[in-house]
Number of protein chains: 2
Amino acid sequence: MSADGPPAKVTIKDVAARAGVSKGAVSLAFNNRPGLADATRDRIFAAARELGWAPNLAARSLSSSRVDAVGLAICRPARLLGLEPFYMEFVSGIESVLAEQSCSLLLRLVRDLDEEVAQQERWWKSKQVAGSILVDFLTDDPRLPALGALGMPVIAVGHPSLTGGFPSLWTDDGTAVAEAVRYLAALGHRRVAHVGGAAELGHSAIRNAAFAATVRELGLDAGRQTPTGFSGEDGARATRTLLSSAERPTAILYDNDIMAVAGLSVASEMGLSVPADLSLLAWDDSQLCRLTHPTLSAMSHDVHGFGAEVARTLFALMTTGEAESRQVPTPALTPRGSTGPPR
Amino acid sequence: MSADGPPAKVTIKDVAARAGVSKGAVSLAFNNRPGLADATRDRIFAAARELGWAPNLAARSLSSSRVDAVGLAICRPARLLGLEPFYMEFVSGIESVLAEQSCSLLLRLVRDLDEEVAQQERWWKSKQVAGSILVDFLTDDPRLPALGALGMPVIAVGHPSLTGGFPSLWTDDGTAVAEAVRYLAALGHRRVAHVGGAAELGHSAIRNAAFAATVRELGLDAGRQTPTGFSGEDGARATRTLLSSAERPTAILYDNDIMAVAGLSVASEMGLSVPADLSLLAWDDSQLCRLTHPTLSAMSHDVHGFGAEVARTLFALMTTGEAESRQVPTPALTPRGSTGPPR
DNA sequence: GGCCTTCACTCAACCGGTTCAGTACCACGG
DNA sequence: CCGTGGTACTGAACCGGTTGAGTGAAGGCC
């Protein structure tokens, strides 16, 4: 707190001098390693505090070849990302774990997977990150061959059938979709539709398949499935199409909450009452689902916790070289006001 | 692409050897500095490509004492952040500029301002960032004294009256609020309410003051203002309170779009028709405003562009040591379906 | 032909930490 | 009294780049 004129940069040497020890001792103290008397340790910390010194991480990382950051690249247009509560929650879960280890997250929004591959390679080769998190797998994802060869520690978010050998964490979307459809069927619905994502997206493919299978298994009328880009506008358009068709569904399952909100608004615009004329079921429950009228029933899961678990697993991989692929808790049905028996 | 067994780490020396030059030459090439024949340059790049080499950024940053990252700490609970499209758009705007300069963004979600100050100090002292972006200023923000003394390049997002001498970028919220109120008054509303933020938040204070002043100036009935925490639930609660009061407002201005969505839902829950019985006007226009029924009128602005401008200004500050404080375009009224003359 | 530039490049020091072999000192057992 | 082991600490090499002074050759000018 003293006015020391030009804040001349202070290095480990200055701290060492002030504490009357060698650089090595300061290093030991700041990495709390054994081999120092408590009194010395205290003197070193005191000196560092007085000088306002913190170790230069570039130097540390250079000499110890340990890195204090992990990477996450997300590939969706920003407009959309901003809207999907999922990612911010996910990121925040990741960070809650990284912060404990004083590790930083390098976040990058990319336009396409080529850009992501380029970014990940750069991160890894230039030693900016100690590992990375991969999300949004396509079936036959082009990142797999490119990044697999790199030898970079990677945790994949997605079903093992998509993530090509990378240690993976995933939610059991198939089971959750089945639960959703069964629930709607139990309410008495026979014409159920699904507003999902493009089939190239791995988790969309899984959900689509599960939807079709469950509809068949329960002997419901052939359930229509509409692929979308997950935006609210996509959801609205899909809903309009479905509700204008001859065989109008009495229940719709959406692959995120934004589209469900849009669907609710379309229903109201078309004069349908929810849930009497139409039941709506969202995915990725967020606060948004409690803000509508009626409130939206949803398949909800702990996204923050998911992110935290991903970060923990990545740490395990980076430190021990091993990581278990694991399924995290399955999204659970949270019934609210938008689902009910058909009229 | 050759199978080179264990991916032995390759350094600048290997590249130099392969290209038949010295380390210095490789360094010149990769920082595209003059002093190399084109042929040599090409040979160096070819060698680097063949070996899959990229410069170790820690080493570069250590020796050149140049840093390739900037920091942004956001202090709001994650649940809320996820919902506010604002931040993701803002971040994406920042990134669009940083990426051009191959600079990374260190993003941290913190719980309170003390934690933010600690983080910023650590970032700066440990040379992890070359500068930082500060958002969400309180009146008398505790970060100002703490970070001002650091000498770190900082761009503040907020009105200069709040940002204590840091170069700042801001939107003219006062004018925008006035425009909003004038518009509602022109539609014939005389009882207008405002669902805003806590008065400690600097921009809330500005908006609140502008609201009160405009109401007075236009001779409207005393406009009620309710401070909230910006969450949807807060918006719903505030709306219920307003609509249950004796002197029920005929129009409500919200300080973000989430609260406006919640307000719309409360209106419908209470059997009021929008906009006949009640007009609603949102702030921070996002896709969400087009997903409701009726669609939400909003004060909209280019958040992505705002973020980009902030990043550009930070770069100017970091490279030239100077940066101009500047007002960015004022949010503009975008009328949609939720505003109209009172019944 | 001699002198001065300019260009292309090399060499070694240096950035600020970490690491590890080595040293000094003390305590303890025999 | 010596050896042995352990603890506390030092010193120098090293991490992988950048930087700037220095070198040698080519070219221009009188």
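Residues numbered from 1 in each chain as written. Chains lettered and ligands numbered in written order. Predicted model: local features only at pLDDT ≥ 70, side-chain atom pairs only at ≥ 80, totals over all residues. Heavy atoms only, no water.

Here we look at the protein's contact with DNA strand D
Ala37 and Thr40 of chain A together with Ile12, Ser27 and Arg33 of chain B are the nearest of the 26 residues found near DNA strand D. Protein-proximal atoms of DNA strand D, defined as those within 4 Å of the protein, fall in sugar or phosphate at a share of 67%. Note that a phosphate oxygen of DNA strand D is positioned 2.5 Å from one of the side-chain N or O atoms of Thr40 of chain A. In this structure, a base nitrogen belonging to DNA strand D sits 2.9 Å away from a side-chain N or O atom of Lys23 of chain B. Looking at the surface near DNA strand D, the elements with two or more residues in it are α4 (57-64) of chain A together with α2 (23-30) and α4 (57-64) of chain B. Top contributing element to the surface near DNA strand D by residue count: α4 of chain B, with five residues. (Near = heavy atom within 4 Å. Polar contact = N/O pair within 3.5 Å; in protein donor to acceptor, adjacent residues only side chain to side chain. Helix = DSSP H or I, 4+ residues; strand = E, 2+ residues; numbered from the N terminus.)

Quick notes on the interface of chain A and chain B
Taken together, the contact between chain A and chain B spans 51 residues of the former and 49 residues of the latter. Note on chain A versus chain B: buried area summed over both sides is about 4,700 Å², and carbon and sulfur give 62% of it. Joining chain A to chain B, the criterion identifies two salt bridges. The residue Arg290 of chain A makes a salt bridge to Glu233 of chain B at a minimum N-O spacing of 4.0 Å. (Contact = heavy atoms within 4.5 Å. Buried area = accessible area lost by both parts, 1.4 Å probe. Salt bridge = Lys/Arg side-chain N within 4 Å of Asp/Glu carboxyl O.)

Looking at the relation of the copies chain A and chain B
Mapping chain A onto chain B leaves a residual RMSD of 0.1 Å; the transformation is a rotation of 180° accompanied by 0.0 Å of translation along its axis. Expressed as a symmetry operation, the mapping of one chain copy onto the other fits a two-fold axis. When C-alpha distances to the rotation axis are compared across chain A, the minimum falls at Ala58 of chain A, with a value of 2.3 Å. Here 96% of the contact residues of chain A are again contact residues in chain B; the copies associate through an equivalent surface. (Least-squares fit on C-alpha atoms with pLDDT ≥ 70 in both.)

Let's talk about the domain arrangement of chain A
Residue and element names in this part refer to chain A. One can read the domain layout of chain A as domain 1 (12-55), domain 2 (69-171 + 303-328) and domain 3 (173-300). Summarising the inter-unit geometry, the C-alpha centres of domain 2 and domain 3 are found 28 Å apart. Between domain 2 and domain 3, the contact holds 14 residues from the first and 16 residues from the second. Counting each side, the surface lost to burial between domain 2 and domain 3 is near 1,000 Å², with a carbon and sulfur contribution of 62%. (Domains from an automatic or database assignment.)

Examining the protein's contact with DNA strand C
In the vicinity of DNA strand C, 27 residues are found, and the nearest of them are Ile12, Ser27 and Arg33 of chain A together with Ala37 and Thr40 of chain B. Protein-adjacent atoms of DNA strand C, using a 4 Å cutoff, are sugar or phosphate at a proportion of 66%. Measuring from a phosphate oxygen of DNA strand C, one finds a side-chain N or O atom of Thr40 of chain B at 2.3 Å. At the level of secondary structure, the elements contributing two or more residues to the surface near DNA strand C comprise α2 (23-30) and α4 of chain A together with α2 and α4 of chain B. Per-element tally for the surface near DNA strand C: the top contributor is α4 of chain A, with five residues.

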